[in-house]
Amino acid sequence: MVTNYKLQTKEMPELPEVETIRRQLAEELTGYRFVDVKTEWEKSFRPSFKEVTAAIKDKTIGKIDRQAKLLIFRLDNNLDLLFHLKMTGRLLVRKPDEPTDEYTRSAFTLKKGSDIKELRFVDSRKFGFVKLIKSKEEINKLLASYGPEPLKDLTLAKFSETLKSSSRPIKLVLMDQGKISGIGNIYVNDALWLAKINPKKPAKKLRPDEVKELFGAIEKVLKEGLKYGGASDQWYRQVHGEEGKYQEHFLVYGRNGEKCSRCGETINRIGFGGRGTFFCPKCQKENRER
DNA sequence: AATCGTTCCTGATAGC
DNA sequence: TGCTATCAGGAACGAT
């Protein structure tokens, strides 16, 4: 019986991927105006395709922000258009006459003066969505439901307090967008390996030195992800279709069956909390001594 | 308030 | 080789 076969990984856009896209979209689309929208999957529009298209018609894209894995197009003071890529979403900027991109679900035609661009929302799995927010109160409430941003407003003190308040496994707490913004399955696995912490260890049981190490590890892996423009193991692409390169630098994510680069033990993969969990059984023991 | 289970989807793969 | 069943997963939602 084969027990050590390599299972496929399914990378998904997390903070470094969405931030990479945000920067490129801001560069490409600021000042462009929505003139038309086409879709083959109305269900991805919230509250509805009709309502979204009516509201954004002739509106100009101001700032493009990001909170956690959510992209926020600021159209005017009381109107925001949100995109969530979930697992397989892509936002591609093309000229209207460029060849079709497979799995394009919606296409937004944008104009600035006589220049025309097309923003294509590509999403094979159809989990992603486009959401219209029509008031300041509503957007503020939504953004307030997210935890602080690593690399921005998450402090070690706040991080420590958050972990102390939960008995859940550390991996699940880190991925909880209400606790901390932007961390998904790739970076959580790599950060926990870097900090030598077992994914199942209850958050409140982490020692202060582990909390500090983990805080640093999170910053480090997210910065690496950003540096390489995200991870394109499978679906993720930047706005012109380019791949990111972080997949060449995964620490443990997707490396089950390979040797741990620190101790030589075989990287393990277990199912946990509904997703693949990669770790080194030797250097990430649950009750590791200092 | 915190936590847990279910659901949405379809491409890729395992297993025969 | 070709078919079919299973797996993958972020987060909204409802239940506890």
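Residues take numbers from 1 onward in each chain, read along the sequence in its written order. All chains are assigned letters beginning with A, and all ligands numbers beginning with 1, in the order in which they are written. Restriction of local features to residues with pLDDT of at least 70 applies here, the model being predicted, together with a cutoff of 80 or more for giving and counting side-chain atom pairs; totals for whole chains, interfaces and linings are based on all residues. Values shown for side chains rest on all heavy atoms present in the structure; no hydrogens or waters enter the calculation.

## A few points about the state of the cysteines
Here comes step 1: Cysteine sulfurs are considered disulfide-paired once they come within 2.5 Å of each other. One pass over the structure, following the stated rule, counts 0 disulfides.
Here comes step 2: Lacking any disulfide linkage, cysteine 260 is separated from the closest cysteine sulfur, that of cysteine 283, by 3.7 Å.
Here comes step 3: Unpaired in this structure, cysteine 263 has its nearest cysteine sulfur neighbour in cysteine 280, at a distance of 3.5 Å.
Here comes step 4: Taking relative accessible area as the criterion, cysteine 263 reaches 29% and is therefore assigned partly exposed. Only protein chains enter the accessibility calculation, which uses a 1.4 Å probe. A residue is then buried if its area is under 20% of the maximum for its type, exposed if over 50%, and partly exposed in between.

## Brief notes about the protein's contact with DNA strand C
Here comes step 1: For DNA strand C, the set of nearby residues contains 14 residues, the closest of which are Met12, His84, Met87, Arg275 and Gly276.
Here comes step 2: Neighbouring residues are identified by heavy atoms, a residue being near a molecule or strand if any of them is within 4 Å of it. Here, DNA strand C places atoms within 4 Å of the protein, and 64% of those atoms are sugar or phosphate.
Here comes step 3: Here a polar contact is taken to be a pair of N or O atoms separated by no more than 3.5 Å, where protein atoms must pair a possible hydrogen donor with a possible acceptor and residues adjacent in sequence count only if both atoms sit in side chains. Taking lysine 86, its side chain carries an N or O atom lying 3.4 Å from a base nitrogen of DNA strand C.
Here comes step 4: Contact between DNA strand C and arginine 269: a phosphate oxygen at 3.2 Å from a side-chain N or O atom of the residue.
Here comes step 5: For the surface near DNA strand C, the class distribution of residues is 4 nonpolar, 5 polar and 5 charged. Side-chain classes follow a simple rule in which Ala, Val, Leu, Ile, Met, Phe, Trp, Tyr, Cys and Pro form the nonpolar group, Asp, Glu, Lys and Arg form the charged group, and the remainder, Gly included, forms the polar group.

## Topic: the sheet that holds strand β7 (residues 104–112)
Here comes step 1: With respect to topology, 4 strands assemble into an open sheet ordered β1-β7-β8-β6, the strand pairing being antiparallel. Single-partner strands in this sheet number two, and they are β1 (33–39) and β6 (89–94). Between one strand and the next, the sheet's axes are offset by a mean angle of 20°, whatever the strand orientation.
Here comes step 2: A pair of strands is treated as paired once DSSP finds two or more bridges between them. A helix here means a DSSP run of H or I that spans at least four residues, while a strand means a run of E at least two residues long, and both kinds are numbered starting from the N terminus. Taken together, the 6 bridges between β6 and strand β8 (residues 115–123) define a ladder with antiparallel strand orientation. Bridge pairing in β8 links arginine 90 to valine 122.
Here comes step 3: Each of β1 and β7 touches helix α2 (residues 49–56); the most contacted strand, β1, lies at about 160° to it. To get an axis, fit a line to the C-alpha atoms, keeping to the stretch in contact for a helix; angles then go from 0 to 180 degrees between the N-to-C directions. In what follows, a contact means two residues having at least one pair of non-hydrogen atoms within 4.5 Å.

## Let's talk about the environment of methionine 12
Here comes step 1: Within the fold, methionine 12 resides in the segment before α1 (15–29).
Here comes step 2: Note: C-alpha distance between methionine 12 and glutamate 219 (207 residues apart in sequence) is 19 Å.
Here comes step 3: When residues no more than four places from it in sequence are discounted, the contact partners of methionine 12 are Glu17, Lys86, Met87, Asn185 and Ile186.

## What about the environment of lysine 38?
Here comes step 1: Checked against the element boundaries, lysine 38 lands in strand β1.
Here comes step 2: Between the C-alpha atoms of lysine 38 and threonine 109, which are 71 residues apart in sequence, the distance is 8.4 Å.
Here comes step 3: Apart from the residues lying within four places of it in its own chain, the contact partners of lysine 38 are Arg105, Ser106 and Ala107.
Here comes step 4: Here aspartate 36 takes part through its side chain, which lies 2.8 Å from a polar atom of the side chain of lysine 38.

## A few points about the domain arrangement of chain A
Here comes step 1: Either an automatic procedure or a domain database provided the assignment from which the domain bounds are taken. Each assigned domain of chain A is listed with its residue range as follows: domain 1 (31–143) and domain 2 (156–279).
Here comes step 2: On the side of domain 2, 12 residues touch domain 1, which itself brings 13 residues to the contact.
Here comes step 3: Accessible area that two parts lose when put together, evaluated with a 1.4 Å probe and summed over both, is termed the buried area. On the domain 1 side of the contact with domain 2, Lys69, Arg90 and Val93 bury the most area, a combined 44% of that side's loss.
Here comes step 4: Should a side-chain nitrogen of Lys or Arg be within 4 Å of a carboxyl oxygen of Asp or Glu, the pair is scored as a salt bridge. Applying the counting rule to domain 1 against domain 2 returns 0 salt bridges.
Here comes step 5: Remark: the boundary between domain 1 and domain 2 carries 4 residue pairs in polar contact (both at pLDDT 80 or more).
Here comes step 6: Per-element accounting of the side of domain 1 that touches domain 2 gives the leading share, 5 residues, to β6.
Here comes step 7: For the side of domain 1 that touches domain 2, the class distribution of residues is 6 nonpolar, 3 polar and 4 charged.

## Quick look at the protein's contact with DNA strand B
Here comes step 1: Within the structure, DNA strand B sits among 14 residues, and Lys43, Ser124, Arg125, Lys126 and Arg168 are positioned closest to it.
Here comes step 2: The sugar-phosphate portion of DNA strand B accounts for 71% of its atoms within 4 Å of the protein, the bases making up the rest.
Here comes step 3: Interatomic distance of 3.0 Å between a side-chain N/O atom of arginine 125 and a base oxygen of DNA strand B.
Here comes step 4: Residue serine 166 places a side-chain N or O atom 3.4 Å away from a phosphate oxygen belonging to DNA strand B.

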